Amino acid sequence: MNLIRTVAMALALSGLSTGGALAGSCTAERTQALVPVDKDLCQTLEVDIRNPGGFPLDVYENKLDSFLGNYCHRNADTGWVRDKSIRDTGPFTAVLGDGSWQGSYHGTHAPVVIWYSPEMAEWLVANRGADAPASDAIPPVPKGGVMVKEMFPAPAGDCAKVDPLHLFPTSGAAIMVRDPAASFDGWFWGWYGFAPDSWVPDWPAGPGNSIPNMGFAQYCMNCHASAENNLTFATPTNMEGQPGRPQVFLSQNFFASQPASVHHEDVRAPDGSLQLSKPHDTVDMAVIADLRAYAQTLPPVGGVATMPSQTYDNTWVGAGGPTAADTFLTSSQCLGCHDAGSTGLQFDMTQPNPHGDDLANLSPYATWRTSPMGLAGRDPFFFAQLASEVQTFHKDDGDLVQTVCLGCHGIAGERQFNIDTVAKGDACAPFTRSVLDTLPWVKSGDGPDVAKYAMLARDGITCTACHRMALGDRATEAQAAAPENACVSERQDLLNPDSRGFARTFTGSFLVGPPDSLIGPFEAPQAEPMQHAMGIDPEHHETISSSEVCGSCHTVHLPVLHDGKTLGHVYEQTTYPEWAFSAYRTGTTPDGALPMGPGANPTSCQECHMPSRDANGVPYRSKMASIEEYSNFPMAEHTLPPAEIDLPVRDGFALHTLVGLNVFLIEMAQQFPEILGIPIKDPMLGAKGTDPLLRTEQAMIDQAALNTADLAISDVGIEGDKLTATVTVTNKTGHKFPSGVGFRRAFLEFSVLDAGGKVLWQSGGTNAAGALIDANGKPLDGEYWWQDDCSARIAPQARLHQPHFATITSPSQAQIYQELVSAPSGDTSVCGPGAPPTGALTTSFLSICAPVKDNRILPDGFLPLAERQAIAEALGAGAELAEEAGPHVVHDDPAYQQGGFDSLNYEIDRATFNGEPAGVQARLYYQATPPFYLQDRLCTASGPDADRLYDMVGRLNLEDTPAAGWKLQITRTAAMQVP
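Let me begin by describing the structure that accompanies this report. Bear in mind that the values here come from a model prediction, so they are computed numbers and not experimental data.

## Some remarks on the sheet that holds strand β22 (residues 722-731)
The 4 strands lie next to each other as β21-β22-β31-β27, forming an open sheet whose pairing is mixed. Edge strands, defined here as strands with exactly one partner in the open sheet, are β21 (709-719) and β27 (807-808). Here β27 pairs with strand β31 (residues 901-909) via 2 bridges, running parallel. Bridge pairing in β31 links I808 to Y906.

## With respect to the pattern of salt bridges
Per the stated rule, a full pass over the model turns up 30 salt bridges. With its nearest N and O atoms 3.9 Å apart, the salt bridge here joins K967 to E749. Within this pair, whereas K967 is found in the loop between α29 (944-955) and β33 (968-972), its partner E749 is found in strand β23 (residues 745-753), the two being separated by 218 residues in sequence. Using a relative accessible area of 13% as the deciding quantity, one classes K967 as buried. Here R948 ties to D945 by a salt bridge, and the two come within 2.6 Å at their closest N and O atoms. With R948 and D945 both in helix α29 and 3 residues apart, this pair spans about one turn of that helix. Each of the two residues, R948 as well as D945, counts as buried.

## So, the nonpolar core
Residues M668, L748, F750, Y906, L924, W966 and I970 are the most contacted members of the largest nonpolar core, which totals 146 residues. Among the elements that take part in this core, helix α22 (residues 663-671) stands out by supplying 6 residues, more than any other. Of all hydrophobic cores here, the second largest spans 64 residues; its members include W115, C159, V162 and L167.

## Here we look at a nonpolar patch on the surface
Residues L96, W101 and F254 make up a contiguous nonpolar surface patch of roughly 340 Å² in combined accessible area. Relative to the helices and strands, W101 resides in strand β3 (residues 100-105). In this structure W101 comes out as partly exposed when scored by relative accessible area, which is 37%.

## Let's talk about the side chain of D339
Within the secondary structure, D339 is located in the loop between α8 (332-338) and β9 (350-352). A polar contact is formed between the side chain of D339 and the side chain of N361, at a distance of 2.9 Å. When residues no more than four places from it in sequence are discounted, the contact partners of D339 are C334, M349, N361, S363, Y365, A366, S626, D682, P683 and M684.

## Focus: the environment of C334
In this structure, C334 sits in helix α8. What makes C334 buried here is its relative accessible area of 18%. For the pair C334 and M530, spaced 196 residues apart in sequence, the C-alpha to C-alpha distance is 9.6 Å. Sequence-distant contacts of C334, defined by excluding residues within four places in its chain, comprise D339 and C463.

## Brief notes about α29
Helix length check: α29 (12 residues) gives 16 Å between terminal C-alpha atoms against 16 Å at 1.5 Å per residue, within 8%. With 10 of its 12 residues buried, α29 lies for the most part within the structure. Every buried residue of α29 is accounted for by D945, A946, R948, L949, Y950, D951, M952, V953, G954 and R955. In this fold, the buried residues of α29 make contact with α7 (285-291), α10 (380-393), α22, α23 (673-676) and α28 (931-940).

Quick notes on the rules
Residues numbered from 1 in each chain as written. Predicted model: local features only at pLDDT ≥ 70, side-chain atom pairs only at ≥ 80, totals over all residues. Heavy atoms only, no water. Pairing = 2+ DSSP bridges. Helix = DSSP H or I, 4+ residues; strand = E, 2+ residues; numbered from the N terminus. Salt bridge = Lys/Arg side-chain N within 4 Å of Asp/Glu carboxyl O. Buried < 20%, exposed > 50% of the residue type's maximum accessible area, 1.4 Å probe, protein only. Core = buried A, V, L, I, M, F, W, Y, C linked by side-chain atoms within 4.5 Å. Patch = residues over 30% accessible without salt bridge, like charges linked within 9 Å, V, L, I, M, F, W, Y side chains within 5 Å. Areas by Shrake-Rupley, 256 points an atom, 1.4 Å probe, with all protein chains shown as cover. Polar contact = N/O pair within 3.5 Å; in protein donor to acceptor, adjacent residues only side chain to side chain. Contact = heavy atoms within 4.5 Å. Expected span 1.5 Å × (residues − 1).

Below is the structure:
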């Protein structure tokens, strides 16, 4: 802070506390006028503060700090004009409660006095005064027009008699600076705090990773896009020296009270100050010991590299756009309207939290942001996996591997990078991990400025990735050749070379529509606000509700790389085909009907993972955005008509929860937000809302308990010297359980209990890291792949693992529902579903050569091979899709002929019991990242991404969480009596 501002601040704050305020009720009043002290300094800044696009953000914000902090805008001698007086922006109402009056303010901002730069004042008088031209002849606000909206305690009547020059802006100021060459909307937006320590520049990002205070294309447009033109409601009627009287609102300020709070103060509070659950201060050595990966020195606590702050992640539609250069945008462009509570006056897309006094945020932004989709660009497991791929598994193919993998997890960054690269006349180029570490406003040597692509990639599977998707009648040849689809055909040729139709889009290789269009599920969306803000038309299109929107990415088809050669292509993930082959299939796609028609229980992916009904089956009803409407907001001037901005209530709007069962990732996000560079509090609803990560975790717990599997024990008995029982697991999902990436797994714990509940015998017990162990605590075969010092694999050619069991007789056996695959070896030349396993087990996505085991429980109504092949053909894939989506090495288990369940027998020698058996009990657990997978990461990767994962795994505190012991309980049975 410079000296001049310090002097001005001292004058302004001489009595900032309530007791030091002047007599009366205006706590903002100061004894001395708050006006420029050094007018020469102000004069040197006048030009620069009108050019926000001409400086890096930190440089510009420091200039603006000097200008506003010295009250340079309060200078009539340089042509600045202010409002006639302080004025309300909405009603102030009184409510009698607990024996006293309580005031509540309902303004769009706190009470304001706006200061207008000379060019802004001139434009307002000329274009919104008595002699204003016709609406279609109004010119844009000129470059350099500035408005400084100073904000004060509510209601305005408390300070109405005070000279505005003696008012201290207790709630800071909202600013608008016109720079039409910098963005489509043409404004630099911001909030500035005058009080000490209330405001700092946004670069470097501060603690908490909150949304920035300032920048282009900020969330302010959620209201301002409802203005009739130029994104401002300003009118000369409010200005000193102009005719007319400002609007007034009901103000019940007949009592003395503390100043009412305003919403914008709530959302400006520092984000991330409260962690939902705290990690261990030091490494949990029991977990580290049981991970058995000692090759690395434990990273020091607090010593790992952090991901760049989410504060930085803001791209926008450029001036003259939208063009192909604006195809992919960060979610910051959506949150203002599609997060709840952003206006501070209406709380659509929320429900009261039944477990507290806050609101559950059901908005598209909030439910997506903390989902695995929203976190995909910061997922520590993914980045450690990528490090293993390029450092160990495929050293010579690093560029290819990174481009393939980031084409999904960092899709928006990679796609936009390709679009812009080709537009410059260059060929498609690799997109690498190092890009994501790039910060804006930092010189990156002689290379290109890639900060834009870093922001987009870190934003995960972002809004524009799905809502621009072109399937069915939108996926035309002309659209495929459009500049926004640069390098997509090359990706399709690399990953799906022999496919056609929808199968060409597998592994996230879909086309996108034009940059001036976004699709959604509802008919007749209000288009004007989005057009004003970004030049984009929201359009209804039914494909956004089809399972194929999910299937493009959740069918992962990859090359098999080995010794510099591509041995073929295999399916790493078949979640969508598993559904398409099940009783849940709808039988239709955006390209038309499929053979076999709909299944017995047709249900789309979205109906489970984007629920539009609550737990009682009642459809969600809400408006789908939070904008400044006409009919239910405080009156403003120069708004669009109600027909263009009033929003209808929609029945059955879909939550963007998008969760599976990876509670482990969500716990990491809760406990290590600073390492991952994310906030905890929602940026719009703020303290009024339940922390979104908590709601995401609850959604996963509900998914596990209600929609995943049922468990039953039957036929419990004593037959001679054996105790026998049958456990049946019923799959309630529309795909295999588990599904997704191949290393996910579930397992059964079966316990024999005495009359007091003591365990006499158990299959499926685990250690501190979640590894399955026998009665002596020894890990079962396959739980670890490496020697403890990571020096060598354990019997790699034996491919040790737990097979699929029909009957279990020993604690050294456990039923694990999982997929295991082997890598190529030696002179392997053929890979695929019919290839025999010859290499070691692998976790490499691009080394999958042959199946070793896949006994994941099939969905109900899983079709026979010939019928699956017919559907695969209709999708444009080969017969191998039908084969690879099926089970492997399940020994003709009849449950895997029809799907939907697995039954397992237990036959236990009674001589092994140290006591009298009285009951049996079963539990079903899930692990998103089993011990062998984590050990493989720590033994095959090094550097910042591996260290980051190692640190978080070691310190993650899972005690008293649903994932305690590194396993998530899906369901359990009651203890069944032994007869």
